[in-house]
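# Descriptive structure summary
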Amino acid sequence: MDLLRSYADKTDDDDDSPEEPLKEPENTSASPSSPDTSSDSPPHMSLPAKTSAPHVDDTALALTTAVSDRIIHRPLDPSQHAVSFNPTYDQLWAPIYGPAHPYAKDGIAQGMRNHKLGFVEDASIHSFLFDEQYNTFHKYGYAADPSGLSYVGDLETLERNEALSVYNIPQQEQKRRRLELKANEADDSAEAADNTNPGTENPASDEWLLKNRQSPWAGKKEMIQGELTEEQKKYAEEYAEKKAEKGRGGEGRGDKTDHVDKSTFHGKEERDYQGRSWVAPPKDAKPSNDHCYIPKRWVHTWSGHTKGVAAIRFFPKHGHLLLSAGMDSKVKIWDVFNSGKCMRTYMGHSKAVRDISFSNDGAKFLSAGYDKNIKLWDTETGKVISTFSTGKVPYVVKLNPDQDKQHILLAGMSDKKIVQWDMDSGKITQEYDQHLGAVNTITFVDNNRRFVTSSDDKSLRVWEFGIPVVIKYISEPHMHSMPSISLHPNGNWLAAQSLDNQILIYSTKERFQLNKKKRFAGHIVAGYACQVNFSPDGRFVTSGDGEGKCWFWDWKSCKVFRTLKCHEGVCIGCEWHPLEQSKVATCGWDGMIKYWD
């Protein structure tokens, strides 16, 4: 221990260190068995700590840590092979800017797809706003940032112009431009007045041309119109005619522009040598017997409509005239007994005619068209007596069959209502509003005290005439829409054309029950409003169908008696002649009306 102490003293002397001399540590753990150790052994000492690790630059370490912190918030670089930190979800799916991805087949990483061609980001900027900022930047040198939070470009001009764009002209600028425009117009008028004097300037000189030069957008000079050629005259007439038709009709819009009501008589003379009208029935027209027969052959065709025929009606009681409603917006009446030609054409509707109905004496008739008008015509003269409209399309029109109520009109409309007019006053006297769909038929029953209506809501409703309360409501889950209903000649039964290809029979007594024993089927009418009818003696039921056939069933046995191929396309209507027991008229969408005997 003495040697160590002397060695330590020498070391301290040699180094001339200012450090304090080493103190002998207290030996707290000395054993009592060796009390002389303090004098015999040298004291303990602690040596300075030495490390073998290399020197570390703290400044470089701090910079590296700061850079790594910045990198953590950036998207990953797809070109690096190792990631020294745990990236977040946003970093993994952040879009890549710059060159294409080197490890994807089509240049875009598989994770960066929301479209089959790559990644598409939403960009919503209106084309007008883009043009505004684009033109503003090219004129003033500044524009709004797409984010809308700042501006880019020449900020001094921005402050001077108060962030004005090319499309926002200040009021002072607008006023100045208006004044300049007025001044220019005044100068032009003064120059024009000076130019009226031929002595002031020579129009052939270059100075005059430069002074009076106009832009390409200036109005063309008026030329003196000479004589029109024949071709030009023809073109001008056709153009004027088309313009007049367009102003008259308004067909494309369905508005309420008035259509010119006119009628054309096609016969030789309206009155014969005895002074009788062409509408008057022949005196010898009487039924030969009461037994009806099924027609067998086609005897006549009336062809005058350019489009399909929607409905036909024989003249009441005599049937010497046949009225037809065409989809070409015309109503025609045909001679049945004598010449078989068209007697008069009624032109008052601007769209297809849906339904027609005679008065009891045949002197007047109603027509309902898709132009939302109902017109009352004088059959003989062809004049329109009155026009009715509610702004909705009328699907069916009927006059009250009572002789003292021939001035009352009922119309089933497309807005689910049955409207009742008093034609003498022209006012609506009642509205029956219970249906849930467009009204298709109106049929008077029970001595005209009640009427039955059918609708697109697949129901039948019975009304008391004049009282808008349903007294009977018929609707079953198996029922289909019934676009046509006809009354049996004895008045006890209703035949309803159902769109499930059958004809159903309902009683007209108090309960209006369905007669389950009578059902007429075999024809195809699904989707077509083919009309059903009875023979005058009630022995046969007849109906058209969608394949152009006319079907005849026996009333008692409900068996098919005969079918006739009548039309190309849909046979929409069939009417039995009121006097001649074996003659039937049919109409179809091929524009033909055929007569069968």
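Residues numbered from 1 in each chain as written. Predicted model: local features only at pLDDT ≥ 70, side-chain atom pairs only at ≥ 80, totals over all residues. Heavy atoms only, no water.

Going by what an unreviewed UniProt entry lists, the chain is known as Pre-mRNA-processing factor 17 and is assigned to Dendrobium thyrsiflorum. Quoted straight from UniProt, the Subcellular location (unreviewed entry) entry for the chain says "Nucleus". (UniProt positions renumbered as here; feature names shortened; annotations may be inferred.)

## Considerations on helix α5 (residues 127-140)
A rise of 1.5 Å per residue sets the reference length of α5, with its 14 residues, at 20 Å; its end C-alpha atoms lie 20 Å apart and thus fit the reference within 8%. Just downstream of α5, glycine 141 is the residue with a positive phi angle, here 90°. (Helix = DSSP H or I, 4+ residues; strand = E, 2+ residues; numbered from the N terminus. Expected span 1.5 Å × (residues − 1).)

## Quick word on unusual backbone geometry
A positive phi angle is found at glutamate 162, which is not glycine, with a value near 60°. Its place among the elements puts glutamate 162 in the loop between α6 (155-161) and α7 (171-195). We classify glutamate 162 as exposed; its relative accessible area is 68%. The phi angle at lysine 458 is positive, at roughly 65°, despite the residue not being glycine. Structurally, lysine 458 can be placed in the loop between β18 (450-455) and β19 (460-464). (Buried < 20%, exposed > 50% of the residue type's maximum accessible area, 1.4 Å probe, protein only.)

## Examining the UniProt feature "repeat: WD" (unreviewed entry) in the chain
Cross-referencing UniProt, the feature "repeat: WD" (unreviewed entry) maps to residues 302-336, 346-387, 432-464 and 564-597 in the present numbering. Secondary structure over residues 432-464 splits into 0% helix and 58% strand, and the C-alpha atoms at its two ends are 10 Å apart.

## Points about the side chain of arginine 461
Counting through the fold element by element, arginine 461 comes out in strand β19. Within the structure, the side chain of arginine 461 is placed 3.4 Å from the side chain of aspartate 457, a separation counted as a polar contact. Residues within four places of arginine 461 in sequence aside, it is in contact with Gln434, His435, Leu436, Phe451, Val452, Thr453, Val470, Lys472 and Tyr473. (Polar contact = N/O pair within 3.5 Å; in protein donor to acceptor, adjacent residues only side chain to side chain. Contact = heavy atoms within 4.5 Å.)

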